[in-house]
Amino acid sequence: MFMKSHSPGHNRRMTRERKTVSAMIGIYCRDIHAGSGNALCPHCSELWIYAKERLDRCPFQGSKTTCANCAVHCYRPSMREKIREVMRYAGPRMTYRHPLLALFHFIDGFRKSASRPRSPAS
């Protein structure tokens, strides 16, 4: 079986996290903002771009827990509240629409929250 090679910032765990967040925002946008197909409304699109950027810069990468259980809160407060609203709404619906992503997200929530990794000495 052919295995994809992943660059350091794009391991399987983070790829799955991106898919999960994208699916949650998609569910929320389609149901609440009447988004159509895969197109997100401007507000949800902005949230997705911000969330993706935060995931790309996550200091824990493949060893991270879910963001809700993380020791480092990297979202600015206004965006944190928006993503919480999305997750409160979409979380229960993920079980039906994306059962595997929901299961893995549930399991990832049991990961231990590590302290912030130290940056290498300059």
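Each chain carries its own residue numbering, running from 1 in the written order of its sequence. Selection of residues for local features in this predicted model requires a pLDDT of at least 70, selection of side-chain atom pairs for listing and counting requires 80 or more, and totals for whole chains, interfaces and linings are taken over all residues. Hydrogen atoms and water are omitted, and side-chain values are computed over all heavy atoms in the structure.

Trainee: A description of the nonpolar core should follow, citing residues and the corresponding values.
Mentor: What makes a nonpolar core is a set of buried Ala, Val, Leu, Ile, Met, Phe, Trp, Tyr and Cys residues whose side-chain atoms join them at distances within 4.5 Å. A simple rule labels every residue: compare its accessible area, found with a 1.4 Å probe on the protein chains alone, to the largest value its type can have, and call it buried under 20%, exposed over 50%, or partly exposed in between. Counting 28 residues, the largest nonpolar core has Val21, Ile25 and Met94 as its most contacted members. Working definition: helices are DSSP H or I runs of at least four residues, strands are E runs of at least two. Numbering for both runs from the N terminus. Put simply, the parts of the chain that give this core at least two residues each are α1 (12-32), α2 (42-56), α3 (77-97) and α4 (99-108). Residues count as neighbours in contact if any of their non-hydrogen atoms are within 4.5 Å of one another. When residues no more than four places from it in sequence are discounted, the contact partners of Met94 are Thr20, Ala23, Met24, Ile27, Pro99, Leu101 and Ala102.

Trainee: How would you sum up the packing of aromatic side chains? Please name residues and give values.
Mentor: To pair, rings of Phe, Tyr and Trp, with the six-membered ring standing in for Trp, must have centres within 6.5 Å; the planes then decide the type, stacked if under 30 degrees apart, edge-to-face if over 60, and tilted in the middle. Across all of its chains, the model carries two aromatic pairs by this definition. Centroid distance Tyr28 to Tyr89: 5.8 Å. Interplanar angle 80°. Geometry classified as edge-to-face. One end of the pair, Tyr28, is in helix α1; the other, Tyr89, is in helix α3, with 61 residues separating them in the sequence. With relative accessibility at 8%, the residue Tyr28 sits in the buried group. Geometrically, the ring pair formed by Tyr50 and Tyr75 is edge-to-face, given 5.4 Å between the ring centres and 75° between the ring planes. Of this pair, Tyr50 sits in helix α2 while Tyr75 sits in the loop between α2 and α3, placing them 25 residues apart in sequence. By the burial criterion, Tyr50 is buried, and Tyr75 matches it.

Trainee: Kindly report on the packing of α3 against α4, identifying the contributing residues and their values.
Mentor: What describes two packed helices is the angle between their axes and the distance between those same axes. Each axis is a line fitted through C-alpha atoms, taken for helices only over the stretch in contact, and angles between the N-to-C directions span 0 to 180 degrees. Contact geometry for α3 and α4: axes closest at 6 Å, N-to-C directions at 130°. Considered as vectors, α3 and α4 are oriented oblique to each other. Contacts from Met94, Thr95, Tyr96 and Arg97 in α3 reach Pro99, Leu101 and Ala102 in α4. Charged means Asp, Glu, Lys or Arg here, nonpolar means Ala, Val, Leu, Ile, Met, Phe, Trp, Tyr, Cys or Pro, and polar covers whatever is left, Gly included. The residue makeup of the contact of α3 with α4, split by class, is five nonpolar, one polar and one charged. Geometric relationships in this document are graded by angle, where less than 35 degrees denotes roughly parallel, more than 145 denotes roughly antiparallel, 65 to 115 denotes roughly perpendicular, and other angles denote oblique.

Trainee: An account of α2 is requested, with residue identities and associated values reported.
Mentor: Helix length check: α2, at 15 residues, gives a terminal C-alpha distance of 21 Å against a target of 21 Å (1.5 Å per residue), a fit within 8%. Burial in α2 covers these residues: Cys44, Leu47, Trp48, Tyr50, Ala51, Arg54 and Leu55. Buried residues along α2 sit against α1 and α3. Between the first and last residue of a helix there are one fewer steps than residues, each counted as 1.5 Å, and that sum is the expected span.

Trainee: I'd like to hear about the environment of Leu100, residue by residue, with values.
Mentor: Mapping Leu100 onto the fold places it in helix α4. A sequence separation of 80 residues divides Leu100 from Thr20, and the C-alpha atoms of the two residues are 9.6 Å apart.

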